Amino acid sequence: GPELSLSFRKIPFFNVSPYLNPKTALTLGYNYQYRPDYIRSVTNFSVNFSGSPTKRTRMILTLPEINSVKVNLSPGFQSKLEALNDPRLFYTYDTHVISSVRFTYINSNQNLTSNRNFIFFRINGEYAPKLFDIKYNPAEFYKLDFDISYHQNVNKYNNVVFRLAAGVGVPFGNSTALPFEKSFFAGGANSVRAWNARTLGPGSYKNTVNIEQSGDIKIESNVEYRSEILRLSNGMIIEGATFVDAGNIWTLNEDISRPDGQFQFGHTIEELGIGGGFGLRFNFSFFILRLDAAVKLRDPSLEIGNRWVYPNQKFGISDVTFNL
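Notes on the structure in this doc start here. (Residues numbered from 1 in each chain as written. Predicted model: local features only at pLDDT ≥ 70, side-chain atom pairs only at ≥ 80, totals over all residues. Heavy atoms only, no water.)

1. A word on the overall build of the chain
A count of helical and extended segments in the chain gives two helices and 14 strands. Taken over the C-alpha trace, the chain has a radius of gyration of 22 Å; the compact-globule value for 324 residues is 20 Å, and the two agree within 12%. Considered along the principal axes of its C-alpha atoms, the chain spans approximately 60 × 55 × 40 Å. Counting every position in the chain, which comprises 324 residues, the buried fraction comes to 44%. (Helix = DSSP H or I, 4+ residues; strand = E, 2+ residues; numbered from the N terminus. Rg over C-alpha atoms; globule rule 2.2 N^0.38 Å. Buried < 20%, exposed > 50% of the residue type's maximum accessible area, 1.4 Å probe, protein only.)

2. Some thoughts on the pattern of salt bridges
By the definition in use, this model includes 20 salt bridges. In this structure, Glu220 and Arg163 form a salt bridge, with 3.0 Å as the shortest nitrogen-oxygen distance. Highlighted residues: Glu220 in strand β10 (residues 217–231) and Arg163 in strand β9 (residues 158–171), separated in sequence by 57 residues. The class for Glu220 is buried, based on a relative accessible area of 0%. The exposure class assigned to Arg163 is partly exposed, which follows from its relative accessible area of 24%. A network of salt bridges, in which partner residues are shared, links Arg193, Glu224, Arg226, Asp245, Arg281, Arg290 and Asp292. (Salt bridge = Lys/Arg side-chain N within 4 Å of Asp/Glu carboxyl O.)

3. Details of unusual backbone geometry
In terms of backbone geometry, most residues other than glycine have negative phi values and most peptide bonds are trans. Note the cis peptide between Leu63 and Pro64, where omega equals -5°. Following Gly201, the chain continues to Pro202 via a peptide bond in cis, the omega torsion being 0°. Following the sequence through the fold, Pro202 ends up in the loop between β9 and β10. The backbone of Arg198 sits at a positive phi, close to 65°, despite the residue not being glycine.

4. So, the pairing of strand β13 (residues 288–298)
With ten bridges joining them, strand β12 (residues 273–283) and β13 adopt antiparallel strand pairing. Note that in β13 the partner of Gly275 across the bridge is Lys296. (Pairing = 2+ DSSP bridges.)

5. Brief notes about the pairing of strand β6 (residues 118–128)
A regular strand places its side chains on the two faces of the sheet in alternate fashion. Examined bridge by bridge, strand β5 (residues 96–108) and β6 share eight bridges and lie antiparallel to one another. When the bridges of β6 are listed, Arg102 appears paired with Glu126.

6. Digging into the layout of surface pockets
Considered as a void within the structure, the largest pocket measures approximately 900 Å³ in volume. If you go around the largest pocket, you meet 30 residues; those closest to its centre are His151, Val161, Glu224, Arg226 and Ile288. Of all the secondary-structure elements, those providing two or more residues to the lining of the largest pocket are β8 (141–153), β9, β10, β11 (237–250), β12 and β13. Looking at the lining of the largest pocket residue by residue, the class counts come to six nonpolar, twelve polar and twelve charged. Taken as a whole, the second largest pocket spans an internal volume of roughly 780 Å³. What lines the second largest pocket is a set of 36 residues, among which Lys143, Glu181, Lys182, Ser183 and Phe185 lie closest to the centre. At the level of secondary structure, the elements contributing two or more residues to the lining of the second largest pocket comprise β2 (23–34), β3 (38–51), β4 (57–73), β6, β8, β9 and β10. (1 Å grid on protein atoms, 1.4 Å probe; cavity = no way out; pocket = protein on both sides within 12 Å on 5 of 7 lines; lining within 4 Å. Points joined across faces, edges and corners; volume = space filled by probe spheres on them. Nonpolar A, V, L, I, M, F, W, Y, C, P; charged D, E, K, R; others polar.)

7. Regarding the side chain of Asn48
If you trace the backbone, Asn48 turns up in strand β3. At 2.6 Å, the side chain of Asn48 forms a polar contact with the side chain of Thr62. Sequence-distant contacts of Asn48, defined by excluding residues within four places in its chain, comprise Lys23, Thr24, Ala25, Thr27, Ile60, Leu61 and Thr62. (Polar contact = N/O pair within 3.5 Å; in protein donor to acceptor, adjacent residues only side chain to side chain. Contact = heavy atoms within 4.5 Å.)

8. Regarding the nonpolar core
Listed in full, the eleven residues of the largest apolar core are Tyr38, Val42, Val69, Val71, Phe77, Leu81, Leu89, Tyr93, Phe180, Phe185 and Ile211. Counting residues in hydrophobic clusters, the runner-up holds nine residues, among them Phe184, Ala186, Phe243 and Ala294. (Core = buried A, V, L, I, M, F, W, Y, C linked by side-chain atoms within 4.5 Å.)

Written as structure tokens, this is what we have:
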């Protein structure tokens, strides 16, 4: 996916103080995805206005962001969707256009503290109405999500990270579900690592059709303890990590093809997938390479009373999920 961005250190038509670090960015991108089930191409254009009222805050207004998404399904996947006869899935994998306005607020004291303890908070709101009268299906929805983490320095060589993230998206107008690109997913390297990407949920639904699972609601949390193992002369740091992840996705409305996937507040805790494991962090300072190995500790797709995995089965190497 190539992307081209042009930035200006000002906001047009507004006399914004340079102390607010104003920026305008024009971005044009193209993303091509080849999967066994489909070929998807996404053309994206956005205009971003941003500024920093304080040293620890930044606000970003995207006005507008336009995504043109073209999807070609494989014959086998097309037949699978037709057999399921699920309007929501058909809509998810349909060719469509998204024209949205997004506002992001970020608050972090990561570079302002001397003891390395810091908090990162981001909240994102998005509104996608029908702005253009075009032949492709316009996606219409509201979406709100946030991500907060606390990084605590235990000592010079050890630290612990706590993270909580949640979000909800509400389709409206002619849209029956969130488009695939704006949906929530669970499982994978940046989610609940005991599950492969996009295979957890929704709710306590048991996935038997091998289709990537998306949802309208997501709740996720992680606790990770990191310890320095080795510091090399070139500045690279190798760390070990122990972690526990919990989370899931849900549908906002009932989906007849995915029973028990609808969000019900009273069942939220019992439908959280929980996993834990160990990993290595190769910290090159300008990026971090993570290798994790995790196992499922609590599986919400199992029957109630048998969702804690290891009292009910023996451990095997096939239980381990690796994420890079």
